[in-house]
Amino acid sequence: MDRFECRCWLDWWANSSTLLGSVEVSVVVTAITGSWEADGRLVSESDEDREAFAFLCELDPVFTLRFEDESVVAVTVHPIDGRTRFTLTEYTGPVQRSVVNRMAL
């Protein structure tokens, strides 16, 4: 079984030119027959970073996973404990998608 462990970033883009959030993560990617699976955790222990990450996951769980060499892959984040640990799957849906969020004031 092949395994790759690294630190990288999960970026949340509102559109092609507006990055709304980025969080450093530690991920372990494991090759499985014909695919891959990944587990990760937030590097930051800041409550502010954890809350922002949880908010963005609830708004839309599709992020860009960015590696140190600037290579990227679109992923869907599946939170495990709500705020720090998660699994990742490759996002294969449309590039353009709408996100609707309403805030009660």
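Up top you'll find the structure we're talking about.
In what follows, the accompanying structure is described. (Residues numbered from 1 in each chain as written. Predicted model: local features only at pLDDT ≥ 70, side-chain atom pairs only at ≥ 80, totals over all residues. Heavy atoms only, no water.)

Points about the nonpolar core
As a rule of thumb, nonpolar side chains are buried together in soluble globular proteins.
Okay, so step 1: Counting 20 residues, the largest nonpolar core has Leu 10, Val 25, Phe 53, Phe 63, Phe 86 and Leu 88 as the members making the most contacts within it.
Okay, so step 2: Only strand E1 (3-15), strand E2 (18-32), strand E3 (35-42), helix H1 (47-59), strand E4 (62-66), strand E5 (72-79) and strand E6 (85-90) provide two or more residues apiece to this core. (Core = buried A, V, L, I, M, F, W, Y, C linked by side-chain atoms within 4.5 Å. Buried < 20%, exposed > 50% of the residue type's maximum accessible area, 1.4 Å probe, protein only. Helix = DSSP H or I, 4+ residues; strand = E, 2+ residues; numbered from the N terminus.)

Re H1
Okay, so step 1: Look at H1: 18 Å from first C-alpha to last across 13 residues, which is about the 18 Å you get at 1.5 Å a residue.
Okay, so step 2: Phe 53, Ala 54, Leu 56 and Cys 57 are the residues of H1 that are buried. One side of H1 carries all its buried residues, which in axial view fall inside an arc of 165 degrees. In this structure, H1 carries Glu 48 and Glu 58 as exposed residues pointing more than 90 degrees from its buried face.
Okay, so step 3: Residues of H1 that are buried in the fold lie against E1, E2, E3, E4, E5 and E6.
Okay, so step 4: Its side-chain oxygen placed 3.2 Å from the backbone nitrogen of Glu 48, Ser 46 serves as the N-cap of H1. (Expected span 1.5 Å × (residues − 1). Arc of directions from axis to C-beta. Contact = heavy atoms within 4.5 Å. Polar contact = N/O pair within 3.5 Å; in protein donor to acceptor, adjacent residues only side chain to side chain.)

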